[in-house]
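Chain by chain, the residues run as shown.
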Amino acid sequence: HRLYLLVFRDLYYGKEIDWNLDRVHGKGAPRKIFYKIRYLDFEESGDVKVTWELNRHQHFLTLAKAFRITGDQRFADEIWTQWELWHRANPYPYGVNWASSLELAFRSLSWLWTYHLLGEAAQRRSGFREQFVRSVSVHGRAIERYLSIYFSPNTHLLGEAVALFFIGVLCPELPSAERWKELGWKITLQEAQRQVRP
């Protein structure tokens, strides 16, 4: 649980990670409905960028790759443990980790990569596919509902579109999968044209 987030090295989160904590400044974001959190107010939430960086779950990929390369079950077990604790600490719509659709998008992409890197281990784990699909579905619905059309309608919107597209492609059993795939692809093409060049 020693992580490298942004420019901060060796941030120790203890035995059980506090997913709402800015470890650098020792400030936790309040656990209330996300749209009532003043997440840009340092006094209320600390440096939310540090908190969000942790909650992108990019370190899950490191654990999943380590499992894939070594076959050591400890790496997969650590993912399961963190996954369960994260969900207990972050029920939708409570907490700062639901306040930015781009952050939901990054987390969804990390989860999709992690699931596929774990391969058969994820498929064999009792009930995990159902939990995984349900969680990704909640993220997809929230991303679609709160697309960054008005606030940061640039790289934020592009990242959200990419996540919707891949949720739709990789979780075809979801009722909204086809719509998310089409919407994500449409926005990705539009924003690539608008944000980059013809």
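Since the structure is predicted, the reported quantities are computational estimates derived from the model, not experimental observations.

Q: So what exactly am I meant to see when it comes to helix H4 (residues 73-89) here?
A: Along an α-helix, residues three or four positions apart point the same way, because every turn accommodates 3.6 residues. Taking 1.5 Å of rise per residue, 17 residues should cover 24 Å, and H4 covers 24 Å from first to last C-alpha, within 8% of that figure. Every buried residue of H4 is listed here: Ala76, Ile79, Trp80, Gln82, Trp83, Leu85 and Trp86. Tucked into the core, H4 has its buried residues touching helix H2 (48-55), helix H3 (58-70), helix H5 (101-118), helix H6 (120-124) and helix H7 (128-145).

Q: What am I meant to see in the environment of His1 here?
A: As for its position among the elements, His1 is in the segment before strand S1 (2-5). Apart from the residues lying within four places of it in its own chain, the contact partners of His1 are Leu11, Tyr12, Tyr13, Gly14, Lys15, Glu16, Ile17, Glu78 and Gln82. Here Gly14 takes part through its backbone oxygen, which lies 2.7 Å from a polar atom of the side chain of His1. Of the polar contacts made by the side chain of His1, one reaches the backbone oxygen of Lys15; its length is 3.2 Å.

Q: Mind showing me how you'd approach helix H8 (residues 155-170) here?
A: Here H8 spans 22 Å end to end across 16 residues, near enough to the 22 Å set by a 1.5 Å rise per residue. Looking only at H8, the buried set comprises Leu157, Gly159, Glu160, Ala161, Ala163, Leu164, Phe165, Ile167 and Gly168. Buried positions along H8 lie against H5, H7 and helix H9 (177-195).

Q: Would you take a moment to explain the nonpolar core for this structure?
A: The nonpolar side chains of soluble globular proteins are, as a tendency, buried together. If you look at the biggest cluster of nonpolar residues, it comprises 54 residues, and the most contacted ones within it are Tyr13, Leu118 and Phe132. Sort the elements by how many residues they give to this core and H5 lands first, with 7 residues.

Q: Would you take a moment to explain the packing of aromatic side chains for this structure?
A: Any two aromatic rings considered together are summarised by their centre-to-centre distance and by the angle between their planes. Tallied over the full model, the rule gives 16 aromatic pairs. On the basis of an interplanar angle of 65° and a centroid distance of 4.8 Å, the ring pair of Trp80 and Phe128 is categorised as edge-to-face. Separated by 48 residues along the polypeptide, Trp80 in helix H4 and Phe128 in helix H7 bring together distant segments of the chain. A relative accessible area of 5% means that Phe128 is categorised as buried. Seen in terms of ring centroids, Phe165 and Trp185 are 5.4 Å apart; in terms of plane orientation they differ by 40°. Their pairing is tilted. One end of the pair, Phe165, is in helix H8; the other, Trp185, is in helix H9, with 20 residues separating them in the sequence. Residue classification places Trp185 among the partly exposed residues on the basis of a relative accessible area of 45%. Here a set of aromatic residues connected by ring pairs shows up, and it is made of Phe34, Tyr35, Trp80, Trp83, Trp86, Tyr92, Trp98, Trp111, Tyr115, Phe128, Phe132 and Tyr146. Over the ring of Tyr13 we find Arg23, and its NZ or CZ is 5.5 Å from the ring centre.

Q: Explanation requested: unusual backbone geometry in the structure shown.
A: Note: most residues except glycine have negative phi, and most peptide bonds are trans. A cis geometry characterises the amide bond from Tyr92 onward to Pro93, with omega recorded as 5°. By the element assignment, Pro93 lies in the loop between H4 and H5. Here His57, not a glycine, exhibits a phi torsion of approximately 60°, which is positive. His57 gets classed as buried once you look at its relative accessible area, which sits at 0%.

Reading the values: the criteria
- Residues numbered from 1 in each chain as written.
- Predicted model: local features only at pLDDT ≥ 70, side-chain atom pairs only at ≥ 80, totals over all residues.
- Heavy atoms only, no water.
- Helix = DSSP H or I, 4+ residues; strand = E, 2+ residues; numbered from the N terminus.
- Expected span 1.5 Å × (residues − 1).
- Buried < 20%, exposed > 50% of the residue type's maximum accessible area, 1.4 Å probe, protein only.
- Contact = heavy atoms within 4.5 Å.
- Polar contact = N/O pair within 3.5 Å; in protein donor to acceptor, adjacent residues only side chain to side chain.
- Core = buried A, V, L, I, M, F, W, Y, C linked by side-chain atoms within 4.5 Å.
- Phe/Tyr/Trp six-rings, centres within 6.5 Å; stacked < 30°, edge-to-face > 60°.
- Lys NZ or Arg CZ within 6 Å of the ring centre and 35° of its normal.

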